[in-house]
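Listed below, chain by chain, are the residues.
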Amino acid sequence: LVVFEAIYSGLVYCKPCSVLPIFSTLIISQMSKSSHEALRLVKHTFAALTRCDVNDALRYMAPNIDYVVNVDPQIAPFVASTSGIPELRARLELLFDTFTIETFDAKNFRISDDDPSIARVNVSYAYREKTTSVLLDGRFRCVIHIDDGLIAQVEEFHDSSYIEAFARLIQMMRKSSNGRS
């Protein structure tokens, strides 16, 4: 087994441990268990989002969850940042009311080696806007922070210019079609 020690210079090195093998095993197994639990709840949440199941997606979210998205909510409210379960529920319902979800493929689930309370996920998506049938497709990254067995924060990183341009296009198309009626 290996124990990591910090030396005075701040560098980290490892050395064989013959003094505390039971303690070392305990640390390794606890990290594996928390990493496994974090991975399980993140995968469960993204599977629920794939099914457009809002209730199940919110199952492992902390009541005061911060869901941060790098898109202007005034332009694209369907991907707005939220605080708390009620706001997140409303935002997810708006997303599912606005789009037909053709693809939502979460992959590359990873738990941080340094901190098992942080997970990363890559998502590919294709959403068809219901009133215009225009397709929004792309990818985004998520960083998920877990605290006390619940998802406490999600950070979604989109191509914000692309999402905002799409939202403006849809607004213009709706206005144009309303003007012809």
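Everything discussed here concerns the structure shown above.
Figured I'd write up the structure that's included with this text. Just so it is clear, the model here is predicted, and its values are computed rather than measured. (Residues numbered from 1 in each chain as written. Predicted model: local features only at pLDDT ≥ 70, side-chain atom pairs only at ≥ 80, totals over all residues. Heavy atoms only, no water.)

### Comments concerning the side chain of Thr98
Position of Thr98 among the secondary structure elements: in helix 3 (residues 85–98). A polar contact of 2.7 Å, which involves the side chain of Thr98, links it to the backbone oxygen of Leu94. Setting aside anything within four residues of it in sequence, one finds Thr98 in contact with Arg128, Glu129, Lys130 and Arg174. (Helix = DSSP H or I, 4+ residues; strand = E, 2+ residues; numbered from the N terminus. Polar contact = N/O pair within 3.5 Å; in protein donor to acceptor, adjacent residues only side chain to side chain. Contact = heavy atoms within 4.5 Å.)

### Description of the environment of Ala80
If you trace the backbone, Ala80 turns up in the loop between strand 3 (61–69) and strand 4 (82–83). Along the sequence, Ala80 and Leu92 sit 12 residues apart, while their C-alpha atoms lie 9.5 Å from each other.

### Concerning the sheet that holds strand 3
Strand order across the open sheet formed by six strands is 4-3-8-7-6-5, with mixed pairing between neighbours. A strand with exactly one partner marks an edge of an open sheet, and here the two such strands are strand 4 and strand 5 (99–111). Two strands pair when backbone bridges link them, and strand 3 and strand 8 (residues 150–157) are joined in this way by five bridges, in the parallel orientation. Bridge assignment links Val68 to a residue of strand 8, and that residue is Glu155. Packing of helix 3 onto the sheet brings it into contact with strand 3, strand 4, strand 5, strand 6 (118–129) and strand 8, and relative to strand 3 it is tilted by some 55°. (Pairing = 2+ DSSP bridges. Axes fitted to C-alpha atoms, helices over the stretch in contact; angles between N-to-C directions.)

### Overview of the side chain of Ser124
Mapping Ser124 onto the fold places it in strand 6. Within polar-contact distance, the side chain of Ser124 engages the side chain of Lys107 at 3.3 Å. Not counting residues within four places of it along the chain, the set of residues in contact with Ser124 comprises Thr103, Phe104, Asp105, Lys107, Gly138 and Arg139.

### Remarks on unusual backbone geometry
A positive phi is found at Cys52, a non-glycine position, where the angle reads about 60°. Position of Cys52 relative to the elements: it lies in the loop between helix 1 (21–50) and helix 2 (54–57). Here Cys52 falls in the partly exposed class, since its relative accessible area comes to 32%. (Buried < 20%, exposed > 50% of the residue type's maximum accessible area, 1.4 Å probe, protein only.)

### Section: the packing of aromatic side chains
Taken as a whole and judged by the stated rule, the model has eight aromatic pairs. An angle of 75° between the planes, with centres 4.9 Å apart, marks the rings of Phe78 and Phe99 as edge-to-face. Of this pair, Phe78 sits in the loop between strand 3 and strand 4 while Phe99 sits in strand 5, and the two are 21 residues apart along the sequence. Phe99 shares its class with Phe78; the two are buried. On the numbers, 6.3 Å between centres and 55° between planes, the contact of Phe104 with Phe140 is tilted. Residue Phe104 is located in strand 5, and its partner Phe140 is located in strand 7 (residues 135–147); the two are separated by 36 residues in the primary sequence. Phe140 matches Phe104 in its accessibility class, with the two residues each being buried. The structure contains a cluster of three or more aromatic residues connected by ring pairs, namely Phe46, Phe78, Phe99, Phe104, Phe109, Tyr125, Tyr127, Phe140 and Phe166. (Phe/Tyr/Trp six-rings, centres within 6.5 Å; stacked < 30°, edge-to-face > 60°.)

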